[in-house]
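Here's the letter readout for the chains.
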Amino acid sequence: MYRQYLKQAVAMLRESPFFSLVTVLGTASAICLIMVMVIIFELQNKGVAPDTDRDRTLYVKQMTVSRKGDGEVLCYTSVSGPVAKRCYATLKVPEVVSVQQSCTQALVTTTDQTRRMKCDLLRTDAAFWKLFSFQFVAGKPFAQSDVESSLPRAVIGRRLASRMFGEVDEGVVGQTVLIARKPYIVSGVVEDISPLASHAYSQVWIPYAQSDMDQLINEESLDGLFGSFHVIIKAHSPADFEAIKNELSQQVKLFNSGLTSCMIDFSGQPDTQMESRLRIYSDVNPDVSVMLWQYALVLTILLLVPAVNLSGLTTSRMQRRIGELGVRKAFGATRGALMYQVLVENFAVTLLGGAVGLLFSYAAVFLLKDWLLGASALSSVGGDLTVSIGMLIRPSIFLLALFFCLLLNILSGIVPAWQMTSQNIVDSLNEK
Amino acid sequence: MRLIWNQRRQNAWLWVELLLVSVFLWFIVDYLYVTGCTYASPMGFDISHTYRIVMNELSPKSPGFIPEERQEHSNGQDLLTVLDRIRAYPGVEAVSLSDGGMPYTLGSRSRQLTVDTVTAAYYYTMVAPEFFEVFRLTDTEGSSAALTDAFRQEGSMIVSRDLAEGIPGGTVLGKQAYDSSDTIRGWTIRGVFEPIRRHPYTRAGAYYYYPLRLERVAAGEYDGSLSWMEVCVRVRPEADTDFPSRFRKEMTTQVNLGNLYLMDVQPLSYLRDAFIQSTGVRNEVKTRVAVACFLLANIFLGIIGTFWIRTEYRKGEMGLRMALGSSRRQLGSIMIREGILLLLFAFIPAMVVSLNIVYLDFIDTELLPFGLGRFLVCQGITFLLVVAMIVVGVWYPARQTSRLEPAEALRYE
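Quick caveat: nothing in here was measured; it's all calculated off a predicted structure.

Quick word on the overall build of chain A
In terms of regular secondary structure, chain A is built from 16 helices and twelve strands. Computed over the C-alpha atoms, the radius of gyration of chain A is 29 Å, more than 25% above the 22 Å expected from 2.2 N^0.38 for a compact globule of 432 residues. In terms of its C-alpha atoms, chain A occupies a principal-axis envelope of roughly 95 × 60 × 30 Å. For chain A, with 432 residues in total, the buried portion stands at 50%. About 20000 Å² of surface is accessible on chain A, with carbon and sulfur atoms providing 60% of the total. Across chain A, 38 positive and 37 negative side-chain charges occur, with their mean positions spaced 8 Å apart.

With respect to the environment of C293 of chain B
Residue and element names in this part refer to chain B. Structurally, C293 is set in helix α10 (residues 281-313). Under the relative-accessibility criterion, C293 is labelled partly exposed at 39%. Separated by 52 residues in sequence, C293 and T241 have C-alpha atoms that sit 40 Å apart.

Topic: the nonpolar core
Residues V79, Y88, F134, W205, I264 and F266 of chain A together with L18 of chain B are the most contacted members of the largest nonpolar core, which totals 124 residues. At twelve residues, helix α2 (residues 17-46) of chain A tops the list of elements feeding residues into this core. Residues L97, A164, V192 and L262 of chain B belong to the second largest nonpolar core, which totals 48 residues.

Comments concerning the sheet that holds strand β12 (residues 262-265) of chain A
Each strand in a sheet pairs with its neighbour through backbone hydrogen bonds, running either in the same direction (parallel) or in the opposite one (antiparallel). Residues and elements named next belong to chain A. Judged by pairing direction, the sheet is antiparallel, and its three strands sit side by side in the order β3-β2-β12 without closing on themselves. Looking at the sheet topology across the chains shown, the edges are occupied by β3 (73-77) and β12. With strand direction ignored, the average angle separating the axes of adjacent strands in the sheet is 20 degrees. Relative to β12, strand β2 (residues 63-67) runs antiparallel, the two sharing four bridges. In the sheet register, T64 faces β12, and the bridge partner there is D265.

Regarding the packing of aromatic side chains
In this structure the tally under the stated criterion is 34 aromatic pairs over all chains. An angle of 80 degrees between the planes, with centres 5.4 Å apart, marks the rings of Y88 of chain A and F266 of chain A as edge-to-face. Of this pair, Y88 of chain A sits in helix α3 (residues 81-88) while F266 of chain A sits in the loop between β12 and α9 (273-278), placing them 178 residues apart in sequence. Y88 of chain A sits in the buried class, given a relative accessible area of 0%. Both rings, one in Y104 of chain B and one in F275 of chain B, keep their centres 6.1 Å apart while their planes meet at 55 degrees; by these two values the pair is tilted. One end of the pair, Y104 of chain B, is in the loop between β2 (92-99) and β3 (109-115); the other, F275 of chain B, is in helix α9 (residues 268-279), with 171 residues separating them in the sequence. Assessed through its relative accessible area of 7%, Y104 of chain B is described here as buried.

As for the interface of chain A and chain B
Between chain A and chain B, the contact holds 20 residues from the first and 25 residues from the second. Broken down residue by residue, the surface that chain A buries against chain B is led by R181, N309 and W371 of chain A, which jointly contribute 31%. In this assembly, chain A and chain B are joined by two residue pairs in polar contact (both at pLDDT 80 or more). Considering every element that reaches the side of chain A that touches chain B, the biggest residue donor is helix α10 (residues 288-318) of chain A, with six residues. Among the residues forming the side of chain A that touches chain B, the class breakdown is ten nonpolar, six polar and four charged.

Here we look at the confidence of the model for chain B
Residue and element names in this part refer to chain B. Model confidence for chain B is summarised by a mean pLDDT of 83, while 94% of its residues fall at 70 or above. When the elements of chain B are averaged for pLDDT, helix α1 (residues 2-6) gives the smallest value, 65, and strand β9 (residues 230-235) the largest, 91. At the level of chain-chain contacts, confidence expressed as ipTM amounts to 0.71, with global pTM at 0.75.

Quick notes on the pattern of salt bridges
Pairing of side chains with opposite charge becomes possible as their charged atoms draw close. In the structure shown here, the tally under the stated rule is 25 salt bridges over all chains. Measuring nitrogen to oxygen at the nearest pair gives 3.3 Å for the salt bridge that ties E93 of chain B to R136 of chain B. Separated by 43 residues along the polypeptide, E93 of chain B in strand β2 and R136 of chain B in the loop between α4 (131-134) and α5 (145-152) bring together distant segments of the chain. Classification of E93 of chain B by relative accessible area gives partly exposed; the value is 33%. Judged by its relative accessible area of 35%, R136 of chain B falls in the partly exposed class. Notably, a salt bridge pairs R213 of chain B with E215 of chain B, separated by 3.9 Å at the nearest N-O pair. Connected through salt bridges with shared partners, the residues D53, R56, E95 and K234 of chain A form a single ionic network.

So, the packing of α10 of chain A against helix α15 (residues 395-421) of chain A
All names here are of chain A. Running from N to C, α10 and α15 point in directions that differ by 40 degrees, and their axes come no closer than 8 Å. Between α10 and α15, the interaxial angle falls into the category oblique. As for the relative orientation of α10 and α15, their crossing is right-handed in sense. Contacts between α10 and α15 involve L299, L303, L304, A307, L310, S311, T314, T315 and M318 from the former and F404, L407, L408, L411, S412, P416, Q419 and M420 from the latter. Along the lines of polarity and charge, the residues of the contact of α10 with α15 split into twelve nonpolar, five polar and no charged.

Some remarks on unusual backbone geometry
Trans peptide bonds make up most of the peptide bonds, and negative phi angles are found at most residues other than glycine. All names here are of chain A. Look at the link from Q269 to P270: it is a cis peptide, with omega at 5 degrees. Following the sequence through the fold, P270 ends up in the loop between β12 and α9. A positive phi angle, close to 60 degrees, is found at Q113, a residue other than glycine. With respect to the helices and strands, the residue Q113 is situated in the loop between β4 (96-110) and β5 (116-124). You can call Q113 partly exposed: its relative accessible area is 36%. The phi torsion at A180 lies on the positive side, around 50 degrees, for a residue other than glycine. Secondary-structure assignment places A180 in the loop between β8 (176-179) and β9 (182-190).

Focus on helix α11 (residues 315-323) of chain B
Among the residues of α11 of chain B, those classed as buried are K315, G316, M318, G319 and M322 of chain B. Looking down the long axis of α11 of chain B, one finds its buried residues gathered within 160 degrees of arc, a one-sided arrangement.

Here's the deal with a nonpolar patch on the surface
On the surface, a nonpolar cluster with roughly 580 Å² of combined accessible area is contributed by F366, L367, L368, I389, I393 and F398 of chain A. Following the sequence through the fold, I389 of chain A ends up in helix α14 (residues 389-392).

Rules and cut-offs
Residues numbered from 1 in each chain as written. Chains lettered and ligands numbered in written order. Predicted model: local features only at pLDDT ≥ 70, side-chain atom pairs only at ≥ 80, totals over all residues. Heavy atoms only, no water. Helix = DSSP H or I, 4+ residues; strand = E, 2+ residues; numbered from the N terminus. Rg over C-alpha atoms; globule rule 2.2 N^0.38 Å. Buried < 20%, exposed > 50% of the residue type's maximum accessible area, 1.4 Å probe, protein only. Areas by Shrake-Rupley, 256 points an atom, 1.4 Å probe, with all protein chains shown as cover. Lys, Arg positive; Asp, Glu negative; His and termini not counted. Charge placed at Lys NZ, Arg CZ, Asp CG, Glu CD. Core = buried A, V, L, I, M, F, W, Y, C linked by side-chain atoms within 4.5 Å. Pairing = 2+ DSSP bridges. Axes fitted to C-alpha atoms, helices over the stretch in contact; angles between N-to-C directions. Phe/Tyr/Trp six-rings, centres within 6.5 Å; stacked < 30°, edge-to-face > 60°. Contact = heavy atoms within 4.5 Å. Buried area = accessible area lost by both parts, 1.4 Å probe. Polar contact = N/O pair within 3.5 Å; in protein donor to acceptor, adjacent residues only side chain to side chain. Nonpolar A, V, L, I, M, F, W, Y, C, P; charged D, E, K, R; others polar. pLDDT = per-residue confidence, 0-100. Salt bridge = Lys/Arg side-chain N within 4 Å of Asp/Glu carboxyl O. Parallel < 35°, antiparallel > 145°, perpendicular 65-115°, else oblique. Left-handed = near helix turned anticlockwise from the far one by under 90°. Arc of directions from axis to C-beta. Patch = residues over 30% accessible without salt bridge, like charges linked within 9 Å, V, L, I, M, F, W, Y side chains within 5 Å.

Set out below in C-alpha cells:
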C-alpha cells in the first residue's frame with residue numbers, strides 16, 4: 001500500500017514540476033530555519049567535548065553582598081575567594097567542585113621574547129581537570145599543591161605550543177613561557193578545544209593566585225567579599241541537586257553567622273545549565289519555562305506561516321486528483337482512509353523537502369557560525385569558533401527534524417485533505 | 001463594488017486573509033522600522049581615527065621591575081609624562097585619559113545625583129578635559145571645544161542633554177549637583193552634551209562626566225590599576241596610515257617609562273566590534289531580522305499565490321469581458337482595483353486590531369516610544385507592500401489571459 005502511495009506521490013510531483021519545486025523549496029526553507037534554531041539551541045545548551053555532562057552540572061556565577069538588618073544591597077559581584085573556599089570547596093555531596101576566574105586575554109611570549117601570541121587565558125584550580133576530560137598530548141595537569149603554593153605552572157594548548165616551541169611533544173614539558181611578562185613552567189600540553197565548550201575553553205590554563213583565595217575579610221571595605229570567581233559543581237546525578245543546594249545553604253548560613261554586619265546570598269543559585277545562561281542579574285531568578293515557551297511560540301509561528309502557504313499549494317495541486325478520490329469513495333472507502341492517503345502522499349513530499357532543508361541548515365550553521373554561535377561568553381575569542389561534523393550529526397537532531405517534518409505535514413495537509421474528501425461523490429465523479 | 005458583493009462568499013475568506021496579513025505584516029514592519037531607526041540614529045561620538053594605547057604596569061615578579069624605593073616618580077606620574085610624549089608625536093591631534101569613559105568600554109558605573117529637587121541614578125565616568133576633543137562629543141551648539149573649556153574650570157561637571165531635560169526649571173547650566181561623595185560643595189554643571197549611546201542597537205541613557213583628578217594620578221593613587229584606565233588618541237586623517245605599527249616601532253622606547261610598558265595599540269573600531277560581540281546584541285538583532293524576513297517572504301508568496309490562483313480561476317469571466325469589448329489592458333487593472341478595494345475594507349479593521357496590540361503592550365516601546373508618526377509610517381508601508389503583492393499576483397496571469405483569443409478564454413467559463 002505504501003509503495004503505491006509513494007509511486008503516486010512521485011507521479012504527482014512529475015506532473016507539475018513548477019508547483020512541486022515551489023512546494024519542496026518552501027518546505028525546505030521552513031525546515032531549514034527551524035532546524036538552524038534547534039541546532040543552535042542544542043549546541044549552546046548541551047555543549048561540546050570536553051564540556052559535556054552539563055545535565056548533571058550546576059553553576060554559580062554571581063553573589064549579592066547585603067547589610068544584615070535592613071538587607072540593603074552593598075555589592076553585586078562574582079564569587080569571592082574566601083567564600084569559594086569556605087562554602088563550596090567544603091561540599092561533600094557533589095562529585096567535583098571547581099573554581100575558575102573568567103577567561104581573559106594575555107600575551108604569551110617565549111623567554112627571549114622572539115615569539116609572541118595573544119591568547120585566551122583561564123585561571124583555575126586542579127579540580128578543573130577532573131571536571132572536564134581533556135586530551136593531554138604531553139605532560140600532565142597542574143596539581144592542587146601547585147595551586148596552593150602558588151607555583152607558576154601552566155597547561156597550554158596545541159596551537160600555542162607549536163607557536164612557541166615548534167614541535168608538540170614531551171620536550172615542551174618543563175619549558176618556560178612568559179605569560180603577561182611572568183614566567184611559567186609548562187606542565188602539560190592539551191589538544192585545542194572549541195570555544196563552544198564554554199566552561200572549559202581557553203588556550204592557556206594557569207592556577208589562580210592563592211592570595212585571591214586567602215584574602216582577609218574586611219567588612220568595611222568589603223575586601224574578601226567581592227571577587228571574580230565562578231564555581232562549577234558536578235554532581236553524581238541530577239537527583240543530587242536538591243541535596244547539594246541544601247548543603248550549600250547550610251554552609252552559607254554558617255559563613256554568614258561569622259560576619260557581623262554583612263551577609264552574602266546566592267538567590268537560588270547553583271543554577272542548572274539553562275538557568276545559568278539566562279541569569280543576568282544577581283538577584284533576579286531566571287525563568288527557564290518562560291524561555292522555553294517563547295521558543296515554542298516562535299517555532300509554532302515558523303511552522304504555521306509556511307504551512308498555510310503549503311496547504312494552498314497542495315490544494316491546487318490535488319485538484320486533478322478529485323476524480324480519483326471520488327471513484328475510491330464510490331467503492332466504499334471511508335473518509336478517514338482517503339484523508340490518510342492524502343496525508344501519506346503529502347508526507348513523501350514533505351520528507352523530501354525536509355531532507356533538503358536539513359542539509360541547508362547544516363550548511364548555514366557552518367557558513368554563518370560566527371553570527372549564529374557567537375554568544376556573549378565567547379567575546380574575546382583568540383581561537384577559531386570551530387564547528388565539527390561530529391557536533392552536528394547527533395541522533396537527537398535527526399529525530400527532531402523528522403518530528404518537525406511530521407508536524408508540518410499534518411498542518412499543511414489537513415485542510416486540503418478535509419476539503420477534498422468532503423465533496424459529494426457525484427460532484428467528484430463529474431470532475432473526472 | 002457590486003462585483004465584490006456578488007461574490008461575497010468567496011471574498012469573505014479573502015477579506016479575512018487580508019485582515020490577518022495586514023496585522024501580522026504591520027507587526028513585522030514595525031519591528032524592522034524600530035530596529036532601523038535605532039541603528040541609524042547618531043551615536044553622539046566619533047571614533048574614526050581614534051586608538052587606545054593600552055599600557056600596563058610591571059609586577060614585582062616581572063623582569064625589569066623597579067621596586068618602589070628606587071622609583072623616582074610614581075607610576076601615575078610616569079603615565080602623565082607618557083601622555084605628554086604621545087601628545088608631541090607627529091600626527092596626534094589630541095590625547096585623553098579616562099577612567100572607564102572610553103566608548104565601547106566594558107562595564108559601566110552609575111550613581112545617584114541630585115540637581116535642584118530631582119534625584120536619580122545616572123551613568124557616569126571620570127575623564128580628562130581633552131576627552132571631548134578626542135571623541136568629538138559636542139554640546140547642543142555643536143562645539144567640542146566649549147565642553148573642554150568648561151571642563152577645565154574648577155569643580156565642573158558635564159551632563160547629557162537627556163539628563164538635563166529631566167530637570168525642570170529652565171537651563172541646567174550653572175546649577176549645583178550633589179552626589180553621595182560630596183553633599184556640601186557639590187559640582188557646577190557647566191556643559192550639556194548631545195546624548196551618547198552605548199552601542200548602535202540601544203537608545204541613549206542619561207550620562208554625566210566628572211573631571212579626572214590628574215593630581216591624584218600623579219600622586220600615585222591609581223598605581224596598581226593603571227591598566228584599567230584608557231589612554232586614547234585622535235590621529236589626524238593624513239597621518240592615519242598604519243598608525244599602530246608605526247607608533248609601536250617609534251614610540252615603544254618612549255612609552256616604556258619606569259614600570260610602565262606598552263601592551264598594544266588598538267583602533268576603537270576593533271574595540272567596538274569586541275564590545276558588540278560581547279553583549280551578543282548584534283547577533284540577536286540579526287537573528288530577529290532574519291526570522292522577520294523569512295516570514296515576510298512567506299507572506300509575500302502566500303498573497304501572491306492567492307491572487308494568482310484567483311486570477312487564473314477567473315479566466316472565463318475575463319474572456320467574457322474581452323468578447324464584450326474590454327481592452328486587454330483593462331482586464332488586469334479591473335482585478336487589481338477590485339483587490340485594492342477589498343484590501344481597504346480589510347485594512348480599517350486591521351488598523352483597529354493593530355492599535356489594540358499596541359495597547360496590550362506587545363510591541364517594543366523601549367527603543368522608540370510609540371507615537372502617531374511611527375504608527376502611520378508603518379501602516380503606510382504595510383499598505384503599500386500588500387498593494388504591491390496584489391499587483392504582482394494579478395499581473396502575470398492577467399497578462400497571460402489577455403494574450404489569449406477571447407474565444408479560447410471563453411472556453412474556460
